[in-house]
Amino acid sequence: SEERAFNYALIGYDDFPSDQVSSYADVNAAQFRKIKVSRITMKSSREDAEIVRQQIVDGTATFEDQARNFSSDAFAEEGGDMGWMEYSALAADFSSNAELEALFLLQKDQISGVFDTSFGWVIYRADEAATDPDLEDPDTLDSIRSYMERFERGRIEDYLLASAEGYVTTATELSFQEAADEYGLDVKKTDSFPINFGNVYYFSPVQSSDGSSELGSAAYDETLLTMLFNLEEGDISEPIVLSDGVGVFQLADQTTLPEEEVEFLGDYYPFIAQQNIEQDLNSYILASDAFEDNFTEVFTEFFLNQ
């Protein structure tokens, strides 16, 4: 019956500073080299792949024709053309860094050896030699930021958590709003909600009052809900990682639902539960291809023919 609303500030992944992205790029520039390549993927045998490769090297067949005739991947129709590929994007295709480095050492029009990968035997051609990333180019830095959000998320979260801890200290010394002003953040508010784990639809949902989805993961975070419903008036939460960044919360107000509304939910819940059971029965059993419906035949034999 208890519902609470909270003020909150979110330090998002977009708030991760550009200079941090640049620093990461400087140290890991080799990960973002690019090479323009074409590829032939064969699943039959290494011997067949070696024959196809030798025909290209000898000039008795073109790379494009061999790709269209023998390759089994999505680039076959384009003569094997993959376009420009980053080092990090190709890394998963190779069993060792040495093989990947060998590919990036190819000069224009050179043909690689046959690489043994998890999806077949692969031959590459360098359509353009590898180039180093332009770390002054905004598009390159945006690409590196995207890479970090996918593969270095922990590094970003550590930075945001440290920043959020500073926010909590400032908010405790000043106020929630003054800390937000100092950190360049917006103070937002949630709608009132109970402890609604999973955002069950017949209880008030855990959501931001502005309708944004940035609290989408909050309803599935038991640690967060427990923390929020243990806050006293004026308390500020510890920073917590959400799907879109790191959030800090402050209890804004709390209410108790009218007794008749709580009683209605008590009566309504069994009906909803039974409805869900019936839906599961229909979805997983009655709709299954393995289910054979003999009801009419059996009913007729055992009841109507008596």
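Residues numbered from 1 in each chain as written. Predicted model: local features only at pLDDT ≥ 70, side-chain atom pairs only at ≥ 80, totals over all residues. Heavy atoms only, no water.

## Focus on the layout of surface pockets
This is how the line gets drawn: Only protein atoms enter the 1 Å grid used here, on which a cavity is any set of points holding a 1.4 Å probe that cannot leave and a pocket is any open set flanked by protein within 12 Å on both sides along at least five of seven lines; residues with an atom within 4 Å of a point are listed as lining. Grid points are joined across faces, edges and corners, and a volume is the space filled by probe spheres set on the points. Only DSSP runs of H or I with at least four residues qualify as helices, and only runs of E with at least two residues qualify as strands; both kinds are numbered from the N terminus onward. Under the scheme applied here, ten amino acids are nonpolar (Ala, Val, Leu, Ile, Met, Phe, Trp, Tyr, Cys and Pro), four are charged (Asp, Glu, Lys and Arg), and all others, including Gly, are polar.
Reported here for the largest pocket is a volume of approximately 160 Å³. For the largest pocket, the full set of lining residues is Ser 1, Glu 2, Glu 3, Pro 194, Tyr 202, Phe 203, Ser 204, Leu 257, Glu 261, Val 262 and Leu 265. Contributing elements (two or more residues each) for the lining of the largest pocket: strand E1 (2-12) and helix H10 (259-286). Counting residues per element, the lining of the largest pocket draws most heavily on H10, at three residues. Looking at the lining of the largest pocket residue by residue, the classes come out as six nonpolar, two polar and three charged.

## Considerations on the sheet that holds strand E8 (residues 245-256)
Quick reminder of the rule: When DSSP finds two or more bridges between two strands, those strands count as paired. Note on contacts: a residue pair qualifies if any of its non-hydrogen atoms lie within 4.5 Å across the two residues. The convention used is that axes are lines fitted to C-alpha atoms, helices contributing only their stretch in contact, and that angles between N-to-C directions extend from 0 to 180 degrees.
Taken together, four strands build an open sheet; the order of strands is E6-E1-E8-E7 and the sheet is antiparallel. Each having just a single partner strand, strand E6 (188-189) and strand E7 (240-242) make up the two edges of the open sheet. Each of E1, E7 and E8 is contacted by helix H7 (residues 153-173), which is oriented at about 45° to E8, the strand it contacts most.

## A look at the pairing of strand E2 (residues 34-42)
What counts is decided by this rule: Here's how the labels work: a residue is buried when its accessible area is under 20% of the maximum for its type, exposed when over 50%, partly exposed in between, all with a 1.4 Å probe on protein chains only.
For E2, the tally of buried residues reaches seven of nine residues, placing the bulk of the element in the interior. Bridge analysis of E2 against strand E3 (residues 81-86) gives five bridges, and the strand direction is antiparallel. Bridge assignment links Lys 36 to a residue of E3, and that residue is Trp 84. Here E2 runs beside strand E5 (residues 120-131); their pairing, made up of eight bridges, is antiparallel. Paired with Thr 41 across the two strands is Val 122, which belongs to E5.

## Structural notes on the sheet that holds E3
Two modes of strand pairing occur in sheets, parallel and antiparallel, and in both the strands are linked by backbone hydrogen bonds. Judged by pairing direction, the sheet is antiparallel, and its four strands sit side by side in the order E3-E2-E5-E4 without closing on themselves. Edge positions in the sheet fall to E3 and strand E4 (111-117), since each has one partner strand and no second. Adjacent strand axes in the sheet meet at a mean angle of 35° when their direction is disregarded. Helix H2 (residues 46-58) contacts E2, E4 and E5 of the sheet and is inclined by roughly 170° relative to E4.

## Comments concerning empty space enclosed by the protein
The tally for this structure, following the rule as stated, stands at one cavity of 30 Å³ or more. Together, Phe 6, Thr 190, Phe 193, Val 206, Leu 215, Ala 218, Leu 224, Leu 228 and Phe 249 line the largest cavity. Taken together, the residues of the lining of the largest cavity break down into eight nonpolar, one polar and no charged.

## Re unusual backbone geometry
A positive phi angle, close to 75°, is found at Asp 109, a residue other than glycine. Within the fold, Asp 109 resides in the loop between helix H5 (97-104) and E4. Note on Asp 109: relative accessible area 52%, which makes it exposed.

## With respect to the pattern of salt bridges
Put simply, the rule is: The rule for a salt bridge is simple: a side-chain nitrogen of Lys or Arg has to be within 4 Å of a carboxyl oxygen of Asp or Glu.
According to the stated counting rule, one finds 15 salt bridges in the structure shown. A salt bridge links Asp 65 to Arg 68; the nearest nitrogen and oxygen atoms lie 3.9 Å apart. Of the two residues, Asp 65 and Arg 68 both sit in helix H3 (residues 63-70), three residues apart, roughly one turn of that helix. Under the relative-accessibility criterion, Asp 65 is labelled partly exposed at 38%. For Arg 68, a relative accessible area of 47% puts it in the partly exposed group. Ionic pairing is found between Asp 210 and Lys 188, a salt bridge with its closest N-O pair at 3.4 Å. Linking Asp 210 in the loop between E6 and helix H9 (222-228) with Lys 188 in strand E6, this pair joins segments that are 22 residues apart in sequence.

## Details of the nonpolar core
Inclusion rule: Residues enter a nonpolar core if they are buried and are Ala, Val, Leu, Ile, Met, Phe, Trp, Tyr or Cys, with the set joined through side-chain atoms within 4.5 Å.
Ile 144, Met 148 and Tyr 167 are the most contacted members of the largest nonpolar core, which has 24 residues in total. The element contributing the most residues to this core is H7, with six residues. Not counting residues within four places of it along the chain, the set of residues in contact with Ile 144 comprises Val 21, Tyr 24, Ala 25, Phe 32 and Leu 135. Counting residues in hydrophobic clusters, the runner-up holds 18 residues, among them Tyr 8, Leu 224, Met 227 and Leu 228.

## Observations concerning helix H6 (residues 138-151)
Formally: Expected span, for any helix, means 1.5 Å times one less than how many residues it has. In this description, one arc is meant: the one made by directions from the helix axis to the C-beta atoms.
Over its 14 residues, H6 extends 20 Å from the first C-alpha to the last, a length consistent with the 20 Å expected when each residue adds 1.5 Å. For H6, the full list of buried residues reads Thr 140, Leu 141, Ile 144, Arg 145, Tyr 147 and Met 148. Along the long axis of H6, the arc covered by the buried residues comes to 160°, so they all point the same way. Set apart from the buried face of H6 by more than 90 degrees, the exposed residues are Pro 138, Asp 139 and Arg 150. Residues of H6 that are buried in the fold lie against helix H1 (18-27), helix H4 (87-90) and H7.

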